[in-house]
Amino acid sequence: IIACPCALGLATPTALLVGTGRGSQLGILIRGPQVLESTRRIDTIVLDKTGTVTTGQLTVTAVEAVGPVSLERMLALAAAAEHGSEHPLARAIVDHARATGLASLPTAEEFRAHAGAGVTAVVEGHALAIGRASWLRDEWAIDVAATPAGELVADHEAEGGTAVVVAIDGTVAGIVVLADTLKPSSALAIERFRALGLEPVLLTGDNEGAAAAVAAQLGIDEVYAAVTPAGKLAVIRELQAAGHVVAMVGDGVNDAAALAAADLGIAMGGGTDAAMAASDLTVVSGDLLVVADAIRLARRTLRTIIGNLFWAFGYNVAAIPVAMMGLLNPLLAGLAMAFSSVFVVTNSLRLR
């Protein structure tokens, strides 16, 4: 009777049930029990910038034309090309074009998104390539730095803006400058990560100026800027090779590979399906503070499971020799066995 393993069978599932239920109440979706083990060991948390520590609601702060095409015409063609993209930069450009009076946009053909770099399309017979200056140089042999746009890009990026270069038929036509704002809770979330023993790292495809401005506001020392999706994956593997156990927080298609490679992948709700499919945890609200809550909850759930297993074995095992000597009353054995089951259930309920 005293050796009955009822409590042992309840120890893990009750804690998982209560922990995942509490997570759902907090807007945290936990993919499976293996996630709990991952959260216990992580010591580094890598954060994507746009949509993770910032709102992701980019606004256009400047549009400047440097070629023969008028500013209005350049913006219309750029917005038409970006219309097929789901990236926040693209949405901001399209919204700005419509806000300036472009009720309808030309139709884009042969649209193609180049992950972490830009887009290409054909609009009204013109070949457009829109993206970062380095991508236009490396992939399309368009030297932005040698044009008047090069100095404009450098100036805006030094001020923390994100400059997107518009090339029409192989010639730089101008730039679109965008800005983002920090989420109100991001700075406090960074403090909580450090309190949990996690070292924050900022990882972004944005330029160094914009990344440095955000890192300075949040007090993050380690920053990787202008990183491609493949580069993000390489950074995660580099940190792991250095002996770190890494959590990655992101929300976009560009983050999916890094989320899958990290020891713990955390997707922000409102992001892309690809990011959520590649993650271990999903924070529905997209609030970075809830990421800290998710890690605390997962760690506490694991500790509860360990505590349950200890007491499920504990005094039952200690009493077995007493029972073998015939010194344990069966009534007391039955009460002790039942109490251990009640204990692990009650202990699990504390997670609520």
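Look up: the structure comes first, before these words.
Worth saying up front: this structure is predicted, and the values here are computed from it rather than measured.

Rules of the game
- Residues numbered from 1 in each chain as written.
- Predicted model: local features only at pLDDT ≥ 70, side-chain atom pairs only at ≥ 80, totals over all residues.
- Heavy atoms only, no water.
- Helix = DSSP H or I, 4+ residues; strand = E, 2+ residues; numbered from the N terminus.
- Rg over C-alpha atoms; globule rule 2.2 N^0.38 Å.
- Buried < 20%, exposed > 50% of the residue type's maximum accessible area, 1.4 Å probe, protein only.
- Contact = heavy atoms within 4.5 Å.
- Areas by Shrake-Rupley, 256 points an atom, 1.4 Å probe, with all protein chains shown as cover.
- Lys, Arg positive; Asp, Glu negative; His and termini not counted.
- Charge placed at Lys NZ, Arg CZ, Asp CG, Glu CD.
- Pairing = 2+ DSSP bridges.
- Axes fitted to C-alpha atoms, helices over the stretch in contact; angles between N-to-C directions.

Q: Break down the overall build of the protein chain for me, with residues and values.
A: Along the protein chain, the regular secondary structure elements total 14 helices and 13 strands. Here the C-alpha atoms of the protein chain give a radius of gyration of 27 Å, more than 25% beyond the 20 Å that 2.2 N^0.38 yields for 352 residues. Across its three principal axes, the protein chain shows a C-alpha extent of roughly 100 × 40 × 30 Å. Residue burial in the protein chain is summarised as follows: out of 352 residues, 49% are buried. Pairs at least 24 apart in sequence give 65% of the contacts found in the protein chain among residues at least 6 apart. Looking at the protein chain as shown, the accessible area adds up to about 15,900 Å², and 59% of this sits on carbon and sulfur atoms. Mean positive and mean negative side-chain charge positions of the protein chain (22 and 34 charges, respectively) differ by 15 Å.

Q: Account for the sheet that holds strand 7 (residues 162-168), with residues named and values stated.
A: Spatial strand order, 3-8-7-6-5-4: 6 strands in an open sheet with antiparallel pairing. Only two strands of the sheet have a single neighbouring strand rather than two, namely strand 3 (59-65) and strand 4 (108-114). On average, each strand axis in the sheet is inclined to that of its neighbour by 15 degrees, with strand direction left out of account. Bridge analysis of strand 4 against strand 5 (residues 118-123) gives 5 bridges, and the strand direction is antiparallel. Along strand 5, the bridge assignment pairs Ala113 with Val119. Sheet strands in contact with helix 7 (residues 148-158) are strand 3, strand 7 and strand 8 (171-179), and its direction is about 10 degrees off that of strand 8.

Q: Account for the side chain of Thr204, with residues named and values stated.
A: Within the element layout of this structure, Thr204 appears in the loop between strand 9 (199-203) and helix 9 (208-218). With residues near it in sequence (within four places) discarded, Thr204 still touches Asp48, Lys49, Ala211, Tyr224, Ala225, Ala226, Val227 and Lys232.

Q: Any chance you could break down the sheet that holds strand 2 (residues 44-48) for me, citing the residues and the numbers?
A: One open sheet accounts for 7 strands, arranged 1-13-12-11-2-9-10; its pairing is mixed. The two strands at the open ends of the sheet, each matched to only one other strand, are strand 1 (28-30) and strand 10 (222-224). Each strand axis lies, on average, 20 degrees off the axis of its neighbour in the sheet, ignoring direction. Two strands pair when backbone bridges link them, and strand 9 and strand 10 are joined in this way by 3 bridges, in the parallel orientation. Within the sheet, the bridge partner assigned to Val201 lies in strand 10 and is Glu222.

Limitation: the analysis is restricted to geometry and does not speak to function.
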